[in-house]
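# Structure assessment
As a plain string of letters, each chain reads:
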Amino acid sequence: VYFIPGGLDCSISFVSHILGKVCVHGWQKEILGVLVPRLADLTKSDCIWQRICWHLVECVPDRWMEAVVLGFVQRAPGADVLSRLLGNLVVKNKKAQFVVAQKMLLLQYGHTTAVLQNLLGYLSLDSVRRTLLLRVLQELLETWSSSSAVKHSPAEQQLYISKAILICLSHLKEPEIASCRQELLTSMMEGVKCHLESSLPQLRRLGMVVAESISLNINTEGPVLKFEYEEDDETRELKSLLVQTPSFCVVPSLPDDDRSEKAGAALPLVSECNEKSYTAAPVMPDEESDAELDSDDDLIPYDMSEDKELKIKAPMYIRDCIEVLTGSRSEDVDRWEATVKALESLVRRNPAATREVSVELAKILLHLEEKTCIEGFVELRQRAQVAVLTTDPIPVAKYLTSQFYSLNYSLRQRMDILDVLVLAAQELSCPKFHGKTKHSGVQKPCIQLLLGSDSSKDWRRIVDERIKSKTRRFDTGQSRVELASRPNEFNSVAGYFFFPLIQHFDRPLTTFDLLGEDHLVLGRLVHTLAVLMYLAVNTVAVTAMGKALLEFVWALRFHTDSYVRQGLLSCISSLLLSVPTEQILADMTEELLETQSWLGDVMEKDPDGDCRRLALQNLLLMENLKKKLEAVLS
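Residues numbered from 1 in each chain as written. Predicted model: local features only at pLDDT ≥ 70, side-chain atom pairs only at ≥ 80, totals over all residues. Heavy atoms only, no water.

### Regarding the nonpolar core
Basically, it comes down to this: As used in this record, nonpolar core signifies buried Ala, Val, Leu, Ile, Met, Phe, Trp, Tyr and Cys residues forming a set joined through side-chain atoms within 4.5 Å. Only protein chains enter the accessibility calculation, which uses a 1.4 Å probe; a residue is then buried when its area is under 20% of its type maximum, exposed when over 50%, and partly exposed in between. The secondary structure listing takes helices from DSSP runs of H or I that are at least 4 residues long and strands from runs of E that are at least 2 residues long, numbered from the N terminus. Contacts are assigned to residue pairs with any non-hydrogen atoms lying within 4.5 Å of each other.
Formed by 86 residues in total, the largest nonpolar core has its most connected members in Phe 404, Phe 490, Phe 497 and Leu 525. For this core, the leading source of residues is helix H26 (residues 519-535), giving nine residues. Contacts of Phe 404, omitting those with residues within four sequence positions, involve Arg 414, Ile 417, Leu 418, Leu 501, Phe 512, Leu 514, Val 521 and Leu 525. By size, the runner-up hydrophobic cluster in this structure holds 77 residues, among which are Phe 72, Ala 155, Ala 164 and Ile 218.

### Points about the pattern of salt bridges
A side chain with one charge may pair with a side chain of the opposite charge, provided their charged atoms come close. To keep things clear, this is the line we draw: For this document, the term salt bridge refers to a Lys or Arg side-chain nitrogen within 4 Å of an Asp or Glu carboxyl oxygen.
Counting across every chain of the model gives 23 salt bridges. The residue Asp 232 makes a salt bridge to Arg 205 at a minimum N-O spacing of 3.1 Å. Of the two residues, Asp 232 sits in the loop between helix H13 (201-218) and helix H14 (233-240) while Arg 205 sits in helix H13, which places them 27 residues apart along the sequence. The exposure class of Asp 232 is partly exposed, given its relative accessible area of 25%. Of the charged contacts in the structure, one is a salt bridge between Arg 319 and Glu 356, with a shortest N-O distance of 3.6 Å. Placement of the pair is Arg 319 in helix H17 (residues 318-326) and Glu 356 in helix H19 (residues 351-356), with a sequence separation of 37 residues. We note that Arg 319, like Glu 356, is exposed. The network of salt bridges with common partners includes Glu 344, Arg 348, Glu 379, Arg 383 and Glu 427.

### Details of the side chain of His 559
As a reminder of what qualifies: Each polar contact in these results corresponds to two N or O atoms within 3.5 Å; when the atoms are within protein, one needs to be able to donate a hydrogen and the other to accept it, and residues that are neighboring in sequence are counted only if both atoms are side-chain atoms.
Inspection of the secondary structure assignment puts His 559 in the loop between helix H27 (542-556) and helix H28 (562-578). Polar contacts involving the side chain of His 559 include one to the main-chain amide nitrogen of Asp 561, which spans 3.1 Å. Among all residues touching His 559, those that are not within four sequence positions of it are His 519, Leu 522, Val 564 and Arg 565.

### With respect to the layout of surface pockets
Put simply, the rule is: With a 1 Å grid laid over protein atoms only, a set of points is called a cavity when a 1.4 Å probe fits there but cannot get out and a pocket when it is open yet has protein on both sides within 12 Å along at least five of seven lines; lining residues have an atom within 4 Å of a point. Grid points are joined across faces, edges and corners, and a volume is the space filled by probe spheres set on the points. Under the scheme applied here, ten amino acids are nonpolar (Ala, Val, Leu, Ile, Met, Phe, Trp, Tyr, Cys and Pro), four are charged (Asp, Glu, Lys and Arg), and all others, including Gly, are polar.
Each pocket or cavity is described by its volume, and for the second largest pocket that value is around 350 Å³. Around the second largest pocket, the lining comprises 19 residues; the ones closest to its centre are Lys 151, Glu 197, Ser 198, His 519 and Asp 561. When contributions to the lining of the second largest pocket are tallied by element, the ones reaching two or more residues are helix H9 (147-152), helix H12 (181-196) and H26. Top contributing element to the lining of the second largest pocket by residue count: H9, with three residues. Each residue belonging to the lining of the second largest pocket can be placed in one class, and the counts come to seven nonpolar, seven polar and five charged.

Here it is, written out as structure tokens:
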């Protein structure tokens, strides 16, 4: 650093021009990596250096302002340091205000959480900039509560905006919250509604976490929103953003040593208060504690060490199970539990008896509700449904697929039907494993010579066995499971699983509209069709299924829900993998050319990353088909 002697005045606009030009030409990391730490040290306790630094960034031309501001925000070690370096630049310069308040928050989403904390903490550290913080929060909430933004923006951007909202909330003071409480409440109600309508679990969870946080901030005394969801690392990180880091609360002009001393002095106070609050609760006067004692504490407990739990015998016949689940015996809770647990194995052991009542049993299981708290009830019911469907596929598949589009079913029951169809199709299409294993290890060292073993046709076998017996092996390898030689049972029933599901998707019912608000079930249906198409490989109906599926995909290709689009792209993958290449090129050439053009658009323009990846995979599969055709023709 060079000093100008004699108190002479000077202009640093030339240095600002150099800084801006160097940053915009790609040397931002190199120059600011050295300049920012040095300026942070000089501006700790020297207000003159603070003014010099402010002038340095204010004199950067607008065309280079974005690169400079972005570099300072990314490399500042904290919001207090950034406040010393930039001052009120965002208030004085419109370009800097656009970059900080809009571009970095609403148009970009690749910055880290630390950069967001620097940026929003910088806006909160000065009273002049706090008005800009409130405006930023309102714009973020407008985007977060927009159903169009939720549908058309990627999940990564939704997470980024949610983090920014929570950081803004952590910086608001009570008077500021009171001034915009109604706007916060309105945005919260609209935002949580459009997030809960999403088919993606991540977006639904984001909506719950942000709504809980807003409710906690605006309802300090009354009841707050509370949702049930599984907490993961992402959820815990979001909740931690509501607590400010110590650097945001530190006065900017203090040196680091003083800062650390004050922070160290403040932390014991908090821990001491917490300690008092934890230790104060159990302490009670002796008289009160005596009054709390219950007289039952003096009673001697019974010795129950030799007691045994009574085992309820499960029914032995299928019709007995039906009677227990539906008839007068259903009031016997213990017997009902034993029936639910034993039903799957009973169905698989008695296929003939099951076929007599298969549709009736499928109907009972579809409407069966949990009467007691059985561990894994949903899985037990589902496995019993799969067992019934695999035992008698055609009539049960007809019943289930017809009920999928019937009235008076909940969305949960319709999705249960889809899950059962997929699991049963997987079981029918895969050969069963038997317990026999072939070990590739060393055989016994004895050789049994058969009659006529001296003939020329047996000499090689005898030599090979002798070599094996004399060979010492250190690695026997893994055991191989021998697959049974059996036909694909899904071959004859694939059409009963597939075609009824694809027929009536565009016919809305009073309580069920796949093309409307029930797009979550539509997404599950599309994914189910993709799985059924994949499992139908080498079946007779695979070509007809492929044609119908391609028409179905083409009708829904512009759906707004990303989960549905992912399923449609999975359908294309299943079609390309299952339908023979000759049939694809003979019967679907025109449709595939149009599909290829659509996949190219999806790969370039779709906001969802998974959709772009699936589109690229499909294009590669098509390219492989083209190469196979060229090889055959040549």
